[in-house]
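Chain and residue survey
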Amino acid sequence: VRALKGRDYITLMDYTTDEIKYLLNLSRDLKSRYYQGERYNDILRGRTLLMIFEKPSTRTRVSLDAAATQLGMHVIYSNPQELQLGRGETIADTARVVDRFVDAIAARVYKHESLIEMAKYAVVPVINALSDKEHPLQALADALTLWEVRSRLEGLRIAFVGDGDNNIAHSLMIIGAKLGWEVRIISPRKYWPTKFAELLTEDTRRTGANIMISDNTEDVRGVDAVYTDVWVSMGMETEAEERKKVFRSYQVNAELMRKAGPQAVFMHCLPAHRGEEVTDDVIDGPQSVVWDQAENRLHTAKAVLISLLA
Ligand code: CP
Ligand code: NVA
């Protein structure tokens, strides 16, 4: 494992299989310590995390803040409108200034390139708190959840059903490629992540992972997990009507879970649009692990903060 200290956490593509396993092991360790009663550890006392969020957030915002607090950090949360960014100060100038005040920046942005720009001008680590392309904090929590559910990390099979070319699908493909999983993206052709998958050919060859893209919901058969996400991601609102039509037959409902089989768990990064991509009986049903998956955002956020900063 190359030293993680000081690195950005913008895309898991930049992380090796061993580095991802290290983060997952640390997350598991932190989680078990939390359950043994360790609510506070001053490993990052005196450090400051700045969060700049261009879009709403519940899980990412609260888990990062709670994680930082439990590690002794101070957190500043802002949106661009409250900063001079909202009046046209550039990302580069903002990054150069706040870099001199804080120890890390977590940003949720519309354009992935904004994170790259920020990281170019900030020496401190920049953490991707979701962009249009990727959501690497979520992927780490997803992998931890699957590891717990299946008691292994290798050889897992997961079907992502719905908007196959969104940030969540991409990050799942990356972590699956790094960990040697079979990732089936089941989505209407127009939303196939063909280009994105090509970026992962080297990883899949090395790990034996398999990224399969299909428009057939029969392909959920036999997987360890069925995963879905909203049909209309933040920033896509103008396409809402069209998307709701195209994705209708990709709804995760009881029938689709039956096709997958009783061994399959149901996953969702949340927030869910109940009645659209998933029905109440599935998300609230016995196969659903979505609350444990959400909980894991806390423990994985702590692992990321410690690894980049301690
Ligand atoms: N899953 C996730 O990132 O949720 P939020 O948008 O609430 O942060
Ligand atoms: N794909 C969703 C994920 C939210 C956590 C979005 O970008 O809105």
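Here the structure is a predicted model, which means the values were calculated and not measured.

Section: the site of ligand 2
What surrounds ligand 2 is the set L130, N166, N167, I168, D229, V230, S233, M234 and L270. Taking M234, its main chain carries an N or O atom lying 2.8 Å from an oxygen atom of ligand 2. Against a free-state accessible area of 270 Å², the protein chains account for coverage of 94% of ligand 2. Looking at the shell around ligand 2 residue by residue, the class counts come to five nonpolar, three polar and one charged.

Some points on helix α4 (residues 112–121)
When α4 is considered as a whole, its buried residues turn out to be H112, S114, L115, M118 and A119. Buried positions in α4, seen along its axis, are confined to an arc of 155° and lie on one side of it.

Here we look at the sheet that holds strand β6 (residues 182–186)
Backbone-to-backbone hydrogen bonds join strands into a sheet, with any given pair of strands oriented parallel or antiparallel. Spatially, five strands are ordered β7-β6-β5-β8-β9 in an open sheet, and the strand pairing comes out parallel. Edge strands, defined here as strands with exactly one partner in the open sheet, are β7 (210–214) and β9 (265–268). The sheet shows a mean angle of 20° between the axes of neighbouring strands, direction not considered. Sheet topology note: the strand β5 (residues 157–161)/strand β8 (residues 225–228) ladder contains four bridges and is parallel. From the neighbouring strand, A159 faces β8, where its bridge partner is V226.

So, the UniProt feature "binding site: L-ornithine" (unreviewed entry) in the chain
Here, the residues flagged by UniProt with the feature "binding site: L-ornithine" (unreviewed entry) are N167, D229, S233 and M234. Over a stretch of 68 residues, the named residues converge on one spot in the fold, their C-alpha atoms separated by at most 11.6 Å. Take N167: it is sitting in helix α6 (residues 167–179). For N167, a relative accessible area of 6% gives the class buried. Look past the residues within four positions of N167 in its chain and what remains in contact with it is L130, S131, D132, K133, E134, H135, D229 and S233. A distance of 3.0 Å separates a polar side-chain atom of N167 from the backbone oxygen of S131. The residue M234 is located in the loop between β8 and α9 (240–246) in this model. Excluding residues within four positions of it along the chain, M234 makes contact with K55, P56, R108, Y110 and L130.

Focus on the pairing of strand β1 (residues 48–53)
Counting buried positions along β1 yields six of six residues, so the element is predominantly enclosed. Bridging between β1 and strand β2 (residues 74–78) involves five bridges; their strand directions are parallel. From the neighbouring strand, I52 faces β2, where its bridge partner is S78. Once you follow β1 into helix α2 (residues 59–70) and on to β2, the crossover reads as right-handed. Sheet topology note: the β1/strand β3 (residues 104–108) ladder contains five bridges and is parallel. Bridge pairing in β3 links M51 to A106.

Parameters and conventions
- Residues numbered from 1 in each chain as written.
- Chains lettered and ligands numbered in written order.
- Predicted model: local features only at pLDDT ≥ 70, side-chain atom pairs only at ≥ 80, totals over all residues.
- Heavy atoms only, no water.
- Near = heavy atom within 4 Å.
- Polar contact = N/O pair within 3.5 Å; in protein donor to acceptor, adjacent residues only side chain to side chain.
- Areas by Shrake-Rupley, 256 points an atom, 1.4 Å probe, with all protein chains shown as cover.
- Nonpolar A, V, L, I, M, F, W, Y, C, P; charged D, E, K, R; others polar.
- Buried < 20%, exposed > 50% of the residue type's maximum accessible area, 1.4 Å probe, protein only.
- Helix = DSSP H or I, 4+ residues; strand = E, 2+ residues; numbered from the N terminus.
- Arc of directions from axis to C-beta.
- Pairing = 2+ DSSP bridges.
- Axes fitted to C-alpha atoms, helices over the stretch in contact; angles between N-to-C directions.
- UniProt positions renumbered as here; feature names shortened; annotations may be inferred.
- Contact = heavy atoms within 4.5 Å.
- Right-handed = clockwise from strand over helix to strand, strands pointing away.

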